[in-house]
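The residues making up each chain are set out below.
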Amino acid sequence: MYKMPGAGVGVAGGGVGTLAATGADIGWWLAVGVLLVLLGTVALIAVHRRNRRLSQAREH
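Bear in mind the structure is a predicted one, so any value in this text is a computation, not a measurement.

Caption draft 1: Representation of the overall build of the chain in the model. Within the chain one finds one helix and zero strands. The 60 residues of the chain split such that 3% are buried. For the chain, the accessible area works out to roughly 5,400 Å², and carbon and sulfur atoms hold 70% of it.

Structure, rendered in structure tokens:
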């Protein structure tokens with residue numbers, strides 16, 4: 001059976017090989033998180049602008 005390099009190291013959290021194997025997953029989750037934050041920011045700005053436009057239309 002294949003054993004990943006660094007998988008046998010007894011250090012808490014695993015070795016370098018284990019981190020490399022999970023690094024792609026961590027990067028994917030970080031990318032998704034950044035995308036969600038950006039989409040949320042864009043949505044908040046759009047709602048703020050719409051509310052400001054509606055309140056100005058009511059005043060005139």
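Caption draft 2: Inspection of the UniProt feature "transmembrane region" (unreviewed entry) in the chain at higher detail. Sequence positions flagged by UniProt for "transmembrane region" (unreviewed entry) are, in local numbering, residues 26-47. Taken end to end, residues 26-47 is 100% helix and 0% strand, and its first and last C-alpha atoms sit 32 Å apart.

Caption draft 3: Spotlight on a positive patch on the surface. Residues Arg49, Arg50, Arg52 and Arg53 make up a contiguous surface patch of positive charge. Considering the arrangement of structural elements, one finds arginine 50 in helix α1 (residues 16-59). Given a relative accessible area of 46%, arginine 50 falls into the partly exposed group.

Caption draft 4: Local environment of a nonpolar patch on the surface. On the surface, a nonpolar cluster with roughly 320 Å² of combined accessible area is contributed by Leu35, Leu36 and Leu39. Within the element layout of this structure, leucine 35 appears in helix α1.

Caption draft 5: The packing of aromatic side chains, seen in detail. Under the definition given, this model contains one aromatic pair. Here the aromatic rings of tryptophan 28 and tryptophan 29 are separated by 4.9 Å at their centres, their planes lie at 85°, and the arrangement is edge-to-face. For the pair tryptophan 28 and tryptophan 29, one class covers both residues: exposed.

Basis of the calculations
- Residues numbered from 1 in each chain as written.
- Predicted model: local features only at pLDDT ≥ 70, side-chain atom pairs only at ≥ 80, totals over all residues.
- Heavy atoms only, no water.
- Helix = DSSP H or I, 4+ residues; strand = E, 2+ residues; numbered from the N terminus.
- Buried < 20%, exposed > 50% of the residue type's maximum accessible area, 1.4 Å probe, protein only.
- Areas by Shrake-Rupley, 256 points an atom, 1.4 Å probe, with all protein chains shown as cover.
- UniProt positions renumbered as here; feature names shortened; annotations may be inferred.
- Patch = residues over 30% accessible without salt bridge, like charges linked within 9 Å, V, L, I, M, F, W, Y side chains within 5 Å.
- Salt bridge = Lys/Arg side-chain N within 4 Å of Asp/Glu carboxyl O.
- Lys, Arg positive; Asp, Glu negative; His and termini not counted.
- Charge placed at Lys NZ, Arg CZ, Asp CG, Glu CD.
- Phe/Tyr/Trp six-rings, centres within 6.5 Å; stacked < 30°, edge-to-face > 60°.

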